[in-house]
Amino acid sequence: MSLANAYLTLSGAVDADITRGERLAHRTTYRIGGPAAMLAVCHTPAALSRVIEVLGAQGVEWVVMGKGSNLLVSDAGFDGCVIVLGREFSRIEVLAEDNKIVAGAAVPLSRVVTAATKASMSGLEFACGIPGTLGGAVSMDAGTRREWIGRRIESLVVFRPGRGLMRVWGTDVEWGYRWTSLGGADIVLEATLALDPGDRAEITAQMEQLLARRRATQPMGKPCCGSVFRNPPGDRGAAQLVEACGLKGYSSGGAQVSDVHANFVVNNGTATAADVLAVMRAMHDRVREATGVDLQPEVKFLGFTS
């Protein structure tokens with residue numbers, strides 16, 4: 001691997017900002033994580049293609065990051081390149097007559113929800129309060145047990161390394177709980193969402209109810225990444241299983257199981273990635289010992305060797 005060669009080749013690249021050693025804690029909602037060996041903010045598809053081409057030729061590992069809302073970065077950082085989508089992927093277009101929204105993957109999901117509400121389009125109410133970018137939401141099929149964003153995807157523009165830009169129809173993608181059939185290397189660049197006509201006042205009222213429920217049942221004001229474990233099959237979710245084991249409030253260093261929602265691990269201000277992992281291991285092991293359920297992480301890990 002020659003990250004130095006990749007950096008020299010890409011320095012000064014058109015439509016890409018290349019930096020070394022940027023702390024990823026500034027780019028995650030956990031406010032945790034060491035530096036990335038290299039960071040590439042790509043503003044156009046051509047810049048993205050060039051960056052990935054150079055990284056591949058030099059054998060440099062890379063990953064695409066949005067707002068870092070579902071990510072735990074190692075305290076040692078990431079010995080590869082973090083790719084962030086920039087200007088051209090931050091556009092949004094509202095097609096009011098067709099009840100559609102076309103948005104770039106870097107657009108915050110909250111901005112897409114707001115645009116839909118202002119245009120009296122229904123179908124994204126469930127997404128209010130969900131952090132992160134549209135691209136991240138699509139890649140993990142964000143939503144609830146009853147509604148998810150994949151149901152609203154008419155089509156996607158993705159970049160597939162080795163093949164370039166491709167349009168993928170939503171009906172050709174399998175959508176599941178926190179999962180899609182999109183290829184692991186596929187990078188979502190744009191999404192067209194098909195929504196329903198609605199009444200703006202009714203949409204707003206429903207969203208206010210959902211936000212009030214989230215405020216009452218989820219920790220607010222402390223850095224976190226949302227749910228750390230997927231809900232297992234069955235009637236009891238991960239939070240119920242963890243709470244039944246008496247782990248609400250359990251802590252290690254600066255990381256703590258939220259006393260509001262037992263599937264959230266919050267950063268009390270001094271948490272390291274090692275602290276979060278220690279808390280997650282305790283949650284996992286206690287639930288498995290008590291119930292036999294093997295909880296699977298929902299949070300994604302970056303920079304860990306094992």
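Refer to the structure above for everything that follows.
Counting 61 residues, the largest nonpolar core has Leu 48, Leu 134, Val 138, Leu 156 and Leu 193 as the members making the most contacts within it. In terms of residues, this core owes the most to one element, helix H2 (residues 45–57), which gives six residues. Apart from the residues within four sequence positions on either side, Leu 48 is in contact with Cys 42, Ile 83, Leu 85, Phe 159, Ile 187 and Leu 189. Residues Phe 229, Phe 264, Val 266 and Ala 273 belong to the second largest nonpolar core, which totals 29 residues.

This next bit is on H2. With 13 residues, H2 should cover 18 Å at 1.5 Å per step; its first-to-last C-alpha distance of 18 Å lies within 8% of that length. Along H2, the positions that sit buried rather than exposed are Ala 47, Leu 48, Val 51, Ile 52, Val 54 and Leu 55. One side of H2 carries all its buried residues, which in axial view fall inside an arc of 165°. Of the exposed residues in H2, the ones pointing more than 90 degrees away from its buried face are Ala 46, Gly 56 and Ala 57. A positive backbone phi angle near 70° is found at Gly 59, which sits one or two residues after H2.

Overall, the coordinates contain nine salt bridges when judged by the stated rule. Notably, a salt bridge pairs Glu 22 with Arg 27, separated by 2.7 Å at the nearest N-O pair. By relative accessible area, which is 25% here, Glu 22 ends up partly exposed. Given a relative accessible area of 25%, Arg 27 falls into the partly exposed group. Two residues, Asp 285 and Arg 288, come together in a salt bridge whose shortest N-O distance is 3.8 Å. Remark: Arg 288 and Asp 285 occur in helix H7 (residues 273–291); sequence separation between them is three residues, near one turn of the helix. The class for Arg 288 is partly exposed, based on a relative accessible area of 43%.

Next up on the list: the side chain of Thr 192. Mapping Thr 192 onto the fold places it in strand E13 (residues 187–194). Of the residues examined, Thr 192 reaches a relative accessible area of 8% and is grouped as buried. In contact with Thr 192, not counting residues within four places along its chain, are Lys 100, Ile 101, Val 102, Arg 152, Ile 153, Glu 154, Ser 155 and Arg 167.

This paragraph deals with the sheet that holds strand E1 (residues 16–23). Taken in spatial order, the four strands make up an open sheet running E1-E2-E5-E3, and their pairing is mixed. At either end of the open sheet lies a strand with only one pairing partner, and these are E1 and strand E3 (62–64). Across the sheet, the mean angle separating the axes of adjacent strands is 25° when strand polarity is ignored. Where strand E2 (residues 35–42) lies against strand E5 (residues 78–85), six bridges are found, and the strand directions are parallel. Following the sheet pairing, Ala 36 is matched in E5 by Phe 78. Together, E1, E2 and E5 form the strand contacts of helix H1 (residues 3–10), whose direction differs from that of E1 by roughly 140°. Where H2 meets the sheet, its contacts fall on E1, E2, E3 and E5, and the angle it forms with E5 comes to roughly 165°.

In this section: H1. Along H1, the residues classified as buried are Leu 3, Ala 6 and Leu 10. With its buried residues spanning 60° around the axis, H1 presents them on a single face. In this fold, the buried residues of H1 make contact with E1, E2, H2 and E5. Where H1 ends, the next residue or the one after it, Gly 12, has phi of about 80°, a positive value.

This paragraph deals with the packing of H1 against H2. A pair of packed helices can be characterised by two numbers: the angle between their axes and the separation between those axes. Where H1 meets H2, the closest approach of the two axes is 9 Å, and the angle between their N-to-C directions is 150°. In terms of orientation, H1 and H2 fall into the roughly antiparallel class. Between H1 and H2 the crossing geometry is right-handed. Two secondary-structure elements touch here, H1 through Ala 6, Thr 9 and Leu 10 and H2 through Arg 50, Val 51, Val 54 and Leu 55.

Conventions adopted
- Residues numbered from 1 in each chain as written.
- Predicted model: local features only at pLDDT ≥ 70, side-chain atom pairs only at ≥ 80, totals over all residues.
- Heavy atoms only, no water.
- Core = buried A, V, L, I, M, F, W, Y, C linked by side-chain atoms within 4.5 Å.
- Buried < 20%, exposed > 50% of the residue type's maximum accessible area, 1.4 Å probe, protein only.
- Helix = DSSP H or I, 4+ residues; strand = E, 2+ residues; numbered from the N terminus.
- Contact = heavy atoms within 4.5 Å.
- Expected span 1.5 Å × (residues − 1).
- Arc of directions from axis to C-beta.
- Salt bridge = Lys/Arg side-chain N within 4 Å of Asp/Glu carboxyl O.
- Pairing = 2+ DSSP bridges.
- Axes fitted to C-alpha atoms, helices over the stretch in contact; angles between N-to-C directions.
- Parallel < 35°, antiparallel > 145°, perpendicular 65-115°, else oblique.
- Left-handed = near helix turned anticlockwise from the far one by under 90°.

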